[in-house]
Amino acid sequence: RERRPAMKPSLAQRFVTAFLEGGRWKLYLQGLGTTLELTVVALIFGVLLGLVVAVVRSAHDQQRIGRKNPVLGILNVLCQIYTTVIRGTPMLVQLFIWTFVIFPTQRNKILVAFIGLGVNSGAYVAEIIRGGLMSVDAGQSEAGRSLGLGYFDTMRFIVIPQAFKNILPSLGNEFITLFKDTSLAQAIGGMEMLYYASTIGGRTFDYMPPLLGIAAMYLAIVIIFTWLQGKLERRLRESDRR
């Protein structure tokens, strides 16, 4: 008897195999949770680091001629080197350096990804915040000084709250970019969405369904983030009108 060639599974069957068989959907959700955790923690770290860098650079630039602080000058140079190096090199290369050069014995690759993504985000957030601080009218700082506030109190209570509204769109875009860039953690063994999609693709010998599936997940979450960002921006504009 002639043997009939095995029928290829339909597209629906391939997706069922990739997402439903063996409870594989749980792995995608686990990867999604790790991806969101990476994004939030790295952004918080990046915002704190970027805020420090932006304040140092702004304070240095606003010094009066003839009254330069040498310590502030050294800190400003270090901040410039940091932002130049981080923004001028690929994030994947930075993650490899953190993993294989700085922390070669660290087995927790998600922790390494937290640090790498946070440091990378901090350089971009620093320039975003610095631009926002520079966009606030200089008279606001002078008014704070005239009321007896020091530099940092003036920044904290007067300048930064106003700058926040200016930097919100750019900060939201950085959050979305960072969310998508978490997929690079897979290259160092970080167990996020792409890691599990690649693992399932290797087990089923079919990479198309899992990769298309996580692409749809990324797209859906980016759309939600973009909608929330736009809603927040509209509320801030309405509060300004009032």
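Structural notes, computed from the coordinates.

So, how was this worked out
- Residues numbered from 1 in each chain as written.
- Predicted model: local features only at pLDDT ≥ 70, side-chain atom pairs only at ≥ 80, totals over all residues.
- Heavy atoms only, no water.
- Helix = DSSP H or I, 4+ residues; strand = E, 2+ residues; numbered from the N terminus.
- Rg over C-alpha atoms; globule rule 2.2 N^0.38 Å.
- Buried < 20%, exposed > 50% of the residue type's maximum accessible area, 1.4 Å probe, protein only.
- Contact = heavy atoms within 4.5 Å.
- Areas by Shrake-Rupley, 256 points an atom, 1.4 Å probe, with all protein chains shown as cover.
- Lys, Arg positive; Asp, Glu negative; His and termini not counted.
- Charge placed at Lys NZ, Arg CZ, Asp CG, Glu CD.
- Patch = residues over 30% accessible without salt bridge, like charges linked within 9 Å, V, L, I, M, F, W, Y side chains within 5 Å.
- Salt bridge = Lys/Arg side-chain N within 4 Å of Asp/Glu carboxyl O.
- Phe/Tyr/Trp six-rings, centres within 6.5 Å; stacked < 30°, edge-to-face > 60°.

## Notes on the overall build of the protein
Across its full length, the protein holds nine helices and zero strands. Along the protein, helices and strands appear, N-terminal first, in the series α-α-α-α-α-α-α-α-α. Computed over the C-alpha atoms, the radius of gyration of the protein is 24 Å, more than 25% above the 18 Å expected from 2.2 N^0.38 for a compact globule of 242 residues. For the protein, the spread of C-alpha atoms along the three principal axes comes to 95 × 50 × 25 Å. By the burial criterion, 40% of the 242 residues in the protein qualify as buried. Within the protein, residue pairs in contact and separated by at least 24 positions form 75% of the contacts whose partners lie at least 6 positions apart. Looking at the protein as shown, the accessible area adds up to about 14600 Å², and 63% of this sits on carbon and sulfur atoms. The average position of the 26 basic charges and that of the 15 acidic charges among the side chains of the protein differ by 5 Å.

## Points about a nonpolar patch on the surface
On the surface, Val71, Ile74, Leu75, Val77, Leu78, Ile81 and Val85 cluster together into a nonpolar patch covering about 620 Å² of accessible area. Mapped onto the fold, Ile74 is located in helix H3 (residues 70–88).

## With respect to a positive patch on the surface
On the surface, Lys231, Arg234, Arg235 and Arg237 cluster together to form a positively charged patch. On the secondary structure map, Arg234 appears in helix H9 (residues 208–241). Note on Arg234: relative accessible area 40%, which makes it partly exposed.

## Focus on the packing of aromatic side chains
A full pass over the atoms with the stated rule returns eight aromatic pairs. Summarising the aromatic geometry, the rings of Phe179 and Phe225 are spaced 5.7 Å apart at their centres and angled 85° between planes, so their arrangement reads as edge-to-face. Taken as a pair, Phe179 in helix H7 (residues 151–181) and Phe225 in helix H9 lie far apart in primary sequence, 46 residues in all. By relative accessible area, Phe225 is classed as buried at 19%. The rings of Phe175, Phe179, Tyr218 and Phe225 are connected pair by pair, giving a single aromatic cluster.

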